[in-house]
Amino acid sequence: MTDATETQVSPSIADLPNHVGETVTLKGWLYNKRAGGKIRFLVLRDGSGYVQAIVYRPDVSDSVWEAADLATQESTLEVTGVVREHPKEKGKVELAASGVTILDLCHDWPITPKEHGVDFLMSQRHLWLRSAKQVATLKVRSEVESAIHDFFYTRGYTRTDSPILTPAACEGTSNLFETQYTEEEKAYLSQSGQLYLEPVCAALGKVYCFGPTFRAEKSKTRRHLREFWMVEPEVAFLEIDGLMDLAEEFVKELTGRVLDRRGEDLKRLERDTSKLEPVLSKRFPRISYREAVEILKGKGFPVTFGDDLGGDEETALTEGFDTPVMVTRYPVSIKAFYMQPDPQDPDVVLGLDMLAPEGYGEIIGGSQRIHDHDLLLSRITQHALPLEAFQWYLDVRKYGTFPHSGFGMGLERFVAWMCGVPHLRECIPYPRMLYRIYP
Ligand code: 4AD
Ligand code: MG
């Protein structure tokens, strides 16, 4: 049965090219306005995209003309018009407006086209999110999240999530967030889901977790958030070389997906995508930490075996490469307690860091895990970790132990690199940083 009155279609702006010739009604926000004598160009946005509505004085009623005149940036509008092909830009459409209604007139929108300081923008983050570059960044983030799930799903992984409240540290104690769990007991916000993923790996073989992680970073850098999202696969019977292959395949696939599907957003971000193309086809260089030290010495850095590599060192190591670089076999002394020592060279561990080019630094950290019970026990003791809290973790090595490996990728680090955004604070809707928890 069809209704006697034809219902008005209200597609999203992104869907308008499928409605050329139809009259549609859109609801959204005024992004931008230009005015000529008898004409007003209203750029409307609804989150899915942007469209220009043309209000031509001779074609509209007085009230419509007045609304078009009054509408201010970020006013909520309802606009009706005929969808037509854009006269200059192929594949794009515009709207010949016949109706404009102001649903809410916006006064004193604080984010004007003039230059604002970062502190101001961060305090207005809830509004700043509406800006075109912020919207584009969040779209890339969402694409990466869904590509991550597709990557693992199509390869037979099971997603299992790790707890956020934990009784002990995973990645060292210097940046733990502590909270009162019960009157007697403390809990810590998780720094990584890895430890909890390892027993699940023994149950399900190939697993991953993806969730928020917390580190009370005590310095302000562009690469550190106090709350960030990490994706962590863990694979039974996988060893270090296989882990490196997995990490490389993963980054290649995610990059391809962003280039394929978020081209418009990358353009809005003015991202030079030719810098990302090589990632798709070239093999990522793999160097050992010992080699890295020699390279850095050659570049004038005063590093010796046992030193941690900071941001400047990471940037220097990737210079001259247009793909990420994988550094492996770090000294035992600077890496986590659970990393498997190299049987050929027991002073180093079978761990890897993947460093992104263009100065984006470490995007992935991972390793083969110690699977020998007694060796792990001695590491826990050496690191002065509370043995009672790790009994369950040791059990994985007690009952049917198995070599296994995994890594963690910081979502915001990866998104920053894809978008060419220098600071992680723009790669998460509400960044949590030192001295900043509002809004
Ligand atoms: O290298 P990390 O500390 O490794 C782990 O936590 C392992 N347990 C992961 C595993 O093997 N399952 O952290 C992994 C990644 C880093 O490479 C980086 O991308 C990101 O997490 N990361 C941060 N991102 C934003 N802000 C911070 N403060 C970060 N710390 C680490
Ligand atoms: Mg690391």
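## Here we look at the domain arrangement of the protein chain
The domain architecture assigned to the protein chain consists of domain 1 (4-104) and domain 2 (123-427). Centre-to-centre, using C-alpha coordinates, domain 1 lies 45 Å away from domain 2. At the interface, seven residues of domain 1 touch six residues of domain 2. Of the roughly 540 Å² buried between domain 1 and domain 2 on both sides combined, carbon and sulfur atoms contribute 40%. Applying the counting criterion to the domain 1 and domain 2 interface returns three residue pairs in polar contact (both at pLDDT 80 or more). Its residues assigned to classes, the side of domain 1 that touches domain 2 shows three nonpolar, two polar and two charged.

## Here we look at helix 10 (residues 311-318)
The set of residues buried in helix 10 consists of Glu313, Glu314, Ala316, Leu317 and Thr318. Elements in contact with the buried residues of helix 10: strand 12 (286-288), helix 9 (289-298), strand 13 (325-328), strand 16 (351-356) and strand 17 (361-368). Where helix 10 ends, the next residue or the one after it, Gly320, has phi of about 90°, a positive value.

## Thoughts on the site of ligand 1
Glu171, Gln194, Arg215, Glu232 and Glu362 are the nearest of the 24 residues found near ligand 1. Glu362 is positioned with one of its side-chain polar atoms (N or O) 2.6 Å from an oxygen atom of ligand 1. Contacts to ligand 1 include Arg369, whose side-chain N or O atom sits 3.0 Å from an oxygen atom. Relative to its unbound accessible area of 630 Å², ligand 1 is 93% covered by the protein chains. Those elements that provide at least two residues to the shell around ligand 1 are strand 11 (227-236), strand 17 and strand 18 (404-410). No other element matches the five residues that strand 17 contributes to the shell around ligand 1. Its residues placed into classes, the shell around ligand 1 shows eight nonpolar, eight polar and eight charged.

## Some points on the sheet that holds strand 18
The strands making up a sheet are joined through hydrogen bonds of the backbone, oriented either antiparallel or parallel. Pairing is mixed across the open sheet formed by eight strands, whose spatial order is 6-10-11-18-17-16-13-12. With partners counted over all chains shown, the strands left at the sheet margins are strand 6 (158-159) and strand 12, one partner each. Pairing of strand 6 with strand 10 (residues 206-214) involves two bridges; the strand directions are parallel. Along strand 10, the bridge assignment pairs Thr158 with Val207. Helix 9 rests against strand 12 and strand 13 of the sheet, and its axis sits at about 85° to strand 12.

## Examining the sheet that holds strand 4 (residues 76-85)
Strand order in the closed barrel made by the five strands is 1-2-3-5-4, with mixed pairing throughout. Averaged over all pairs of adjacent strands, the angle between their axes in this sheet comes to 55°, without regard to strand direction. Sheet topology places strand 1 (residues 23-35) next to strand 2 (residues 39-45); six bridges connect them, and they run antiparallel. Residue pairing for strand 2: Trp29 is matched across the bridge by Arg45. Strand contacts of helix 1 (residues 62-70): strand 1, strand 2, strand 3 (50-56) and strand 5 (93-104), with the helix running at about 80° to strand 5, the strand carrying the most contacts.

## Points about the nonpolar core
Core analysis: the largest hydrophobic core is formed by 60 residues, its most contacted members being Ile148, Phe250, Val251, Ile364 and Trp417. When residues in this core are grouped by element, the largest group, 10 residues, is from helix 6 (residues 240-261). Apart from residues lying up to four places away in sequence, Trp417 is in contact with Val251, Thr255, Arg271, Leu276, Val279, Pro324, Ala356, Pro357, Glu358, Tyr360 and Ile363. Residues Ala292, Val325, Leu355 and Leu376 belong to the second largest nonpolar core, which totals 29 residues.

## Side note on the packing of helix 11 (residues 373-382) against helix 12 (residues 391-398)
In the contact formed by helix 11 and helix 12, the axes pass within 9 Å of each other and the chain directions differ by 160°. In terms of orientation, helix 11 lies roughly antiparallel with respect to helix 12. Contact with helix 11, carried on its side by His373, Leu376, Leu377 and Ile380, involves Tyr393, Leu394, Arg397 and Lys398 of helix 12 and no other residues of that element. Taken together, the residues of the contact of helix 11 with helix 12 break down into five nonpolar, one polar and two charged.

## Details of the pattern of salt bridges
Summed over all chains, the structure comprises 34 salt bridges. We note a salt bridge from Arg261 to Glu143, for which the minimum N-O separation is 3.9 Å. Within this pair, whereas Arg261 is found in helix 6, its partner Glu143 is found in helix 4 (residues 132-154), the two being separated by 118 residues in sequence. Two residues, Lys186 and Glu178, come together in a salt bridge whose shortest N-O distance is 3.6 Å. Members of the salt-bridge network, linked through shared partners, are Glu143, Asp150, Arg257, Arg261, Arg262 and Asp265.

## Considerations on a nonpolar patch on the surface
A contiguous nonpolar patch, built from Ile164, Leu165 and Tyr181 and spanning about 290 Å² of accessible area, is present on the exposed surface. If you trace the backbone, Ile164 turns up in the loop between strand 6 and strand 7 (165-166). Judged by relative accessible area, which is 34%, Ile164 ranks as partly exposed.

## Some remarks on unusual backbone geometry
The omega torsion across Tyr438 and Pro439 is -5°, close enough to zero to call that bond cis. Within the secondary structure layout, Pro439 lies in the segment after helix 13 (411-419). Backbone geometry places Phe237, a non-glycine residue, at a positive phi of 65°. Summarising the element assignment, Phe237 is placed in the loop between strand 11 and helix 6. One non-glycine residue, Arg329, lies in positive phi territory at about 55°. Secondary-structure assignment places Arg329 in the loop between strand 13 and strand 14 (341-342).

Parameters at a glance
Residues numbered from 1 in each chain as written. Chains lettered and ligands numbered in written order. Predicted model: local features only at pLDDT ≥ 70, side-chain atom pairs only at ≥ 80, totals over all residues. Heavy atoms only, no water. Domains from an automatic or database assignment. Contact = heavy atoms within 4.5 Å. Buried area = accessible area lost by both parts, 1.4 Å probe. Polar contact = N/O pair within 3.5 Å; in protein donor to acceptor, adjacent residues only side chain to side chain. Nonpolar A, V, L, I, M, F, W, Y, C, P; charged D, E, K, R; others polar. Buried < 20%, exposed > 50% of the residue type's maximum accessible area, 1.4 Å probe, protein only. Helix = DSSP H or I, 4+ residues; strand = E, 2+ residues; numbered from the N terminus. Near = heavy atom within 4 Å. Areas by Shrake-Rupley, 256 points an atom, 1.4 Å probe, with all protein chains shown as cover. Pairing = 2+ DSSP bridges. Axes fitted to C-alpha atoms, helices over the stretch in contact; angles between N-to-C directions. Core = buried A, V, L, I, M, F, W, Y, C linked by side-chain atoms within 4.5 Å. Parallel < 35°, antiparallel > 145°, perpendicular 65-115°, else oblique. Salt bridge = Lys/Arg side-chain N within 4 Å of Asp/Glu carboxyl O. Patch = residues over 30% accessible without salt bridge, like charges linked within 9 Å, V, L, I, M, F, W, Y side chains within 5 Å.

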